[in-house]
Amino acid sequence: MIEINKISKSFSSLKIIDEVSATFEKGKTNLIIGQSGSGKTVLMKCLLGLHDVDNGEILYDGKKFIKDDISKVSNLRKQMGMVFQGSALFDSMSVIDNIIFPLRMFSDKSDSEMLERAREVIERVDLKDVDNKFPSEISGGMKKRVAIARAIVLNPKYLFCDEPNSGLDPKTAIIIDKLIQEITVEYNITTIINTHDMNSVMEIGDKIIFLVEGKKIWEGNNKEILNTEDKLVNDFVYSSELFKKVKLSQKN
Amino acid sequence: MRIFFHIGRYFLMIKYTFSKFTKWSVLKKLIFQEIEDLILGSIGIVAFMSFLIGGVVAIQTALAIENPLLPGNLIGFATRQSVILEFAPTLISIIMAGKVGSFITSSIGTMRVTEQIDALEVMGINSFNYLIFPKIISLLLYPFLITLAMFLGILGGYIASVYAGFSTSFDFIQGIQLDFKVFHIIYTYIKTILFAFVLATIPSYHGFYMKGGALEVGKASNISFVWTSSVIIIINFIVTQLLLA
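By convention here, each chain's residues receive numbers from 1 onward along its written sequence. By the order in which they are written, chains take letters starting at A while ligands take numbers starting at 1. At least 70 in pLDDT is required for a residue's local features to be given in this predicted model, at least 80 for side-chain atom pairs to be given and counted, and no such filter applies to totals for whole chains, interfaces and linings, which use all residues.

Caption draft 1: Molecular detail of the overall build of chain A. Broken down by element type, chain A carries 10 helices and 10 strands. In this setup the radius of gyration rests on C-alpha atoms only. A globule is expected at 2.2 Å times the number of residues raised to 0.38. For chain A, whose C-alpha radius of gyration is 19 Å, the value lies close to the compact-globule estimate of 18 Å for 252 residues. A residue is called partly exposed when the number of other C-beta atoms within 10 Å of its own lies between 12 and 20, exposed at 12 or fewer, and buried at 20 or more, with C-beta atoms placed from the backbone. When each of the 252 residues of chain A is scored for burial, the buried share is 40%. For every residue pair, C-beta atoms are placed from the backbone, and the pair is scored as a contact if these atoms sit within 7 Å. Within chain A, counting contacts between residues at least 6 apart in sequence, those at least 24 apart form 66% of the total. Numbering of helices and strands runs from the N terminus; a helix is a DSSP stretch of H or I covering at least four residues, while a strand is a stretch of E covering at least two.

Caption draft 2: Representation of helix 4 (residues 74–113) of chain B within the structure. Residues and elements named next belong to chain B. At any given residue, the bend is defined as the angle formed between two axes, one fitted to the seven residues that end at that position and one fitted to the seven that begin there. At Val83, helix 4 shows its maximal kink, close to 50 degrees. For helix 4, the buried fraction is high: 29 of the 40 residues fall into the buried class. Glu115 sits one or two residues past helix 4 and shows a positive phi near 65 degrees.

Caption draft 3: Spotlight on the nonpolar core. One finds Met82(A), Ile99(A), Ala149(A), Phe160(A) and Leu199(B) to be the most contacted residues of the largest nonpolar core, which totals 120 residues. With 12 residues, helix 4 of chain B is the single largest residue contributor to this core. Leaving out residues up to four positions away in the same chain, Ala149(A) has contacts with Ile99(A), Val121(A), Ile122(A), Val125(A) and Leu127(A). A set of buried Ala, Val, Leu, Ile, Met, Phe, Trp, Tyr and Cys residues, joined through C-beta atoms within 7 Å, is what we mean by a nonpolar core.

Caption draft 4: Broad picture of unusual backbone geometry. Residue and element names in this part refer to chain A. Phi angles above zero are rare outside glycine, and Asn155 is one such case at about 55 degrees. Within the secondary structure, Asn155 is located in the loop between helix 5 (140–152) and strand 7 (158–162). For Glu163, which is not glycine, the phi dihedral falls at a positive 40 degrees. Mapping Glu163 onto the fold places it in the loop between strand 7 and helix 6 (170–187). Overall, Glu163 belongs to the buried group, with 21 C-beta atoms counted inside 10 Å.

Caption draft 5: Quick peek at the sheet that holds strand 3 (residues 29–34) of chain A. Residues and elements named next belong to chain A. Spatial ordering of the open sheet is given by 6-7-8-3-9-10, a layout of 6 strands whose pairing is mixed. With partners counted over all chains shown, the strands left at the sheet margins are strand 6 (80–83) and strand 10 (215–220), one partner each. Here the average twist between neighbouring strands, direction ignored, is 20 degrees. Strand direction decides the pairing type here: strand 6 and strand 7, joined by 4 bridges, are parallel. We call two strands paired when DSSP finds no fewer than two bridges between them. Axis geometry follows a simple rule: fit a line to the C-alpha atoms, using only the stretch in contact for helices, then measure angles between N-to-C directions, giving values from 0 to 180 degrees.

Caption draft 6: View of the interface of chain B and chain A. Listed by partner, the interface residues are 13 residues for chain B and 15 residues for chain A. Among the elements that make up the side of chain B that touches chain A, the one with the highest residue count is helix 5 (residues 116–122) of chain B (5 residues). Each residue is assigned to one class: nonpolar for Ala, Val, Leu, Ile, Met, Phe, Trp, Tyr, Cys and Pro, charged for Asp, Glu, Lys and Arg, and polar for all the others, Gly among them. Of the residues that constitute the side of chain B that touches chain A, the class distribution is 5 nonpolar, 3 polar and 5 charged.

Below you can see the structure in the form of structure tokens.
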């Protein structure tokens, strides 16, 4: 479980995150949603310690995250997996080397054991015949799968996904969302996903926090979000014609 | 005043580079990869440039000497001095700032833009040590390139002056041996090691702290070349003043 208490972050005089508090639960897919520029990515980077927070505290399973405590942060990061928006695979490495990389850095496994573990996660994310290909040679959907495989290869306790289905077609996006949700339940990990995709929200939104201009203005799940009275949330949810029609048909 | 911010951040980067070391088995592979990319991959251009520069130095010296009273070995002597003291270490380093420096800035910059550096950091890896330390270590072999440049520069001078009829083989070789000071070689290697450090770290700094997209990677490579070559010239001046003046 990850808790954040009143965290704030500014760049120069511009406040990006404004006293946000939330609890991200274990074994659930926790979504941070909001329009572009609402502070989702900055909030996630604060959680990861890539940005220092100006105020407030971040607790990982009740323990305070202090960025300056290098050894503690280093140990904590070994328990984190991250799927970046652009996948962030290492260009110079093949798919299999990308997945083995965290094992090579942090485990004492032999080469054959590392390969065995990599093959397990490759199978888990349903990748086929790409082991020796380089990231530039595979599709966007496959890159996401490789990124997920790399993120879970060390059995993390926390999984962070920054817009994991951006740039993917709707069908592949749903497959990736479902895969993340299944892994979350299977590995019993705390998963936090940044997204502005309403399909993701409806598919995997076990818990949702909604940000507007760096402030948390709503919290709930994927059932509650459809019936909320909050105008800003409604504007966001029903901005697409499809959801407007769904709402209209529900009323009728 | 912005310059002090960059200088401070540069030295902090150096400090972080030498802390929290990456696993040796991984680091070893990275060092060999960097040796291949930065040193072995530069042999061709260094050989080509130094051979021709040596030839040009010899020809220009020969053309400048019209007085028949001047000794014939002067061409060999001037070529040796110019190549060893200046052309091999300094000019080749400026060329390397373009070749190796741009490669380092653009490769690290691309990693920054595509969040690969963030990925390293999220994994708990000291990205400074992982990316920059192997470059510094591999460039410890840079004196090997400069030795090659010195040899080929003098060889180029010999071929140009002897085969173009500016000097005899005997005179040129005598000129090379004339008044030889071992300290000049030591001075060259001191400069070379300092230049190697600059070549590894300043382009890394520009790649590491760049912001933006693909266009900015190009701009960062450009700025990196300007700064790397400027610092090489400044260090060259200071070391020459300290050791030879």
